[in-house]
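# Structural characterization, general
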Amino acid sequence: MKLVIAVIKPFKLDEVREALTTLGVAGMTVTEVKGFGRQKGQTEIYRGAEYSTNMVPKIKVEVVCAASIADRVVEAIQQSANTGAIGDGKIFVLDVGQAVRIRTGETDDSAL
């Protein structure tokens, strides 16, 4: 099993969710996060004054999937979240040792 973590622009969430649903991904965890990469933050204008913010709002999408479809999950996220602009985000893939469904006690792939 693999844990795919994607940090994307907030307005791309619906497109990413639709792409993953098409692949048969049954669930995901979505979190509002803030951070920065090469952008080094952004400048905003509020009530006529310019403010520099160090952290850029993003969405973190976490999906645990079978290792056999992890590459397709990554590809779907990359294609649906891509705008071609700086700050599109990052995707990380980690190994998952075990998964357990709390309600039934199912483990690993059957728990997904």
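On a predicted model such as this, the values are computed, not experimentally measured, just so you know.

### Here's the deal with helix H2 (residues 70–81)
With 12 residues, H2 ought to run about 16 Å at 1.5 Å a step, and its terminal C-alpha atoms sit 16 Å apart, in line with that. Every buried residue of H2 is listed here: Ala 70, Val 73, Ala 76, Ile 77, Ser 80 and Ala 81. The buried residues of H2 occupy an angular sector of 125° when the element is viewed end-on, so they sit on one face. Facing away from the buried side of H2 by more than 90 degrees, the exposed set consists of Asp 71, Gln 78 and Gln 79. Against strand S1 (2–8), helix H1 (13–23), strand S5 (56–65) and strand S6 (89–95) lie the buried residues of H2.

### Notes on the sheet that holds S6
Strands sit in the order S2-S5-S1-S6 across an open sheet of four strands; the sheet is antiparallel. Of all strands in the sheet, those with a lone pairing partner are strand S2 (29–35) and S6, marking the two edges. Pairs of neighbouring strands in the sheet enclose a mean axial angle of 20°, with direction left out of account. Of the strand pairs in this sheet, S2 and S5 are connected by seven bridges, and their pairing is antiparallel.

### What to know about H1
Looking only at H1, the buried set comprises Val 16, Ala 19 and Leu 20. Along H1, the residues classed as buried sweep out an arc of 95° about the axis, all on the same side. At its buried positions, H1 is contacted by S1, S5 and H2. Directly after H1, the chain includes Gly 24, whose backbone phi takes a positive value near 95°.

Thresholds, definitions, all that
Residues numbered from 1 in each chain as written. Predicted model: local features only at pLDDT ≥ 70, side-chain atom pairs only at ≥ 80, totals over all residues. Heavy atoms only, no water. Helix = DSSP H or I, 4+ residues; strand = E, 2+ residues; numbered from the N terminus. Expected span 1.5 Å × (residues − 1). Buried < 20%, exposed > 50% of the residue type's maximum accessible area, 1.4 Å probe, protein only. Arc of directions from axis to C-beta. Contact = heavy atoms within 4.5 Å. Pairing = 2+ DSSP bridges. Axes fitted to C-alpha atoms, helices over the stretch in contact; angles between N-to-C directions.

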